[in-house]
Amino acid sequence: QVQLVESGGGSVQAGGSLRLSCAASGYTYCMGWFRQAPGKEREGVARIYSGSGSTYYADSVEGRFTISRDKAKNTLYLQMDSLKPEDTAMYYCTARSAYAPSCRVPSDYAYWGQGTQVTVSS
């Protein structure tokens, strides 16, 4: 059983930065951030494998976002720099506790946070 609580969303002008946090409880095999804008499908932003620390990013955020975790605090982070209006979305923290051949799509994950809104103005 995993519980996730996101925080850190807000409004920022283009070019600004935000850092999202996700406090987790329980064991996780992988964790990630997804986002969903109105009228669009939920898309994967970044993911991290808890054991290896390996990270992966969507092409749209590569070089601008950084996913990391603090094992001692059992907290996941998403540092977002050089934000663009197209980054505006509800951001969700997610986790999976069982092994999976991939942690790429929403169906790969079992636990979801409530979401935190990120709004970037031009």
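Data block above holds the structure.
A brief report on the enclosed structure follows. Quick caveat: nothing in here was measured; it's all calculated off a predicted structure.

With glycine set apart, most residues show a phi of negative sign, and most peptide bonds adopt trans. Even without a glycine there, the phi angle at Asn74 is positive, about 50°. For Asn74, a relative accessible area of 27% gives the class partly exposed. Positive phi values are uncommon outside glycine, yet Ser82 reaches one of about 50°. Looking at the secondary structure, you find Ser82 in the loop between strand E8 (75–80) and strand E9 (89–96). Judged by relative accessible area, which is 41%, Ser82 ranks as partly exposed.

It is worth spelling out the packing of aromatic side chains at this point. Taken as a whole and assessed by the stated rule, the structure comprises six aromatic pairs. One aromatic cluster is present, formed by Tyr29, Tyr49, Tyr56 and Tyr99 through successive ring pairs. Stacked on the ring of Tyr77, the Lys or Arg Arg19 has its end atom at 4.2 Å from the ring centre. Note that Arg42 overlies the ring of Tyr92, its terminal NZ or CZ placed 4.1 Å from the centroid.

Turning to the state of the cysteines, a few remarks are in order. Applying the stated criterion across every chain, the model contains two disulfides. Disulfide pairing places Cys22 opposite Cys93 at an S-S distance of 2.0 Å. Measuring handedness by torsion sign, the sulfur bridge of Cys22 and Cys93 sits at about -75° and is left-handed. In this pair, Cys22 sits in strand E3 (residues 18–25) while Cys93 sits in strand E9, placing the two residues 71 residues apart along the sequence. Using a relative accessible area of 0% as the deciding quantity, one classes Cys93 as buried. The disulfide partner of Cys30 is Cys103, and the S-S distance across this bridge is 2.0 Å. On the S-S bond that ties Cys30 to Cys103, the torsion sits near -90°, and the link is left-handed. Remark: Cys103 occurs in the loop between E9 and strand E10 (111–112) and Cys30 occurs in strand E4 (residues 30–36); sequence separation between them is 73 residues. Cys30 sits in the buried class, given a relative accessible area of 0%. Counting its disulfide-bonded cysteines in sequence order, the chain shows a connectivity of 1-3, 2-4.

Here Ala95 is to be found in strand E9. For Ala95, a relative accessible area of 0% gives the class buried. Setting aside anything within four residues of it in sequence, one finds Ala95 in contact with Val2, Leu4, Thr28, Cys30, Met31, Tyr109, Ala110 and Tyr111.

This next bit is on the pairing of strand E5 (residues 43–49). Taken across its seven residues, E5 has five buried, putting it largely inside the fold. Pairing geometry for E4 and E5, over six bridges, is antiparallel. The residue bridging Met31 from the neighbouring strand is Ile48, located in E5. Hairpin remark: E4 followed by E5, antiparallel, with six residues in the connecting loop; positive phi at Gly39, about 80°.

About the cut-offs
Residues numbered from 1 in each chain as written. Predicted model: local features only at pLDDT ≥ 70, side-chain atom pairs only at ≥ 80, totals over all residues. Heavy atoms only, no water. Buried < 20%, exposed > 50% of the residue type's maximum accessible area, 1.4 Å probe, protein only. Helix = DSSP H or I, 4+ residues; strand = E, 2+ residues; numbered from the N terminus. Phe/Tyr/Trp six-rings, centres within 6.5 Å; stacked < 30°, edge-to-face > 60°. Lys NZ or Arg CZ within 6 Å of the ring centre and 35° of its normal. Disulfide = S-S within 2.5 Å. Contact = heavy atoms within 4.5 Å. Pairing = 2+ DSSP bridges.

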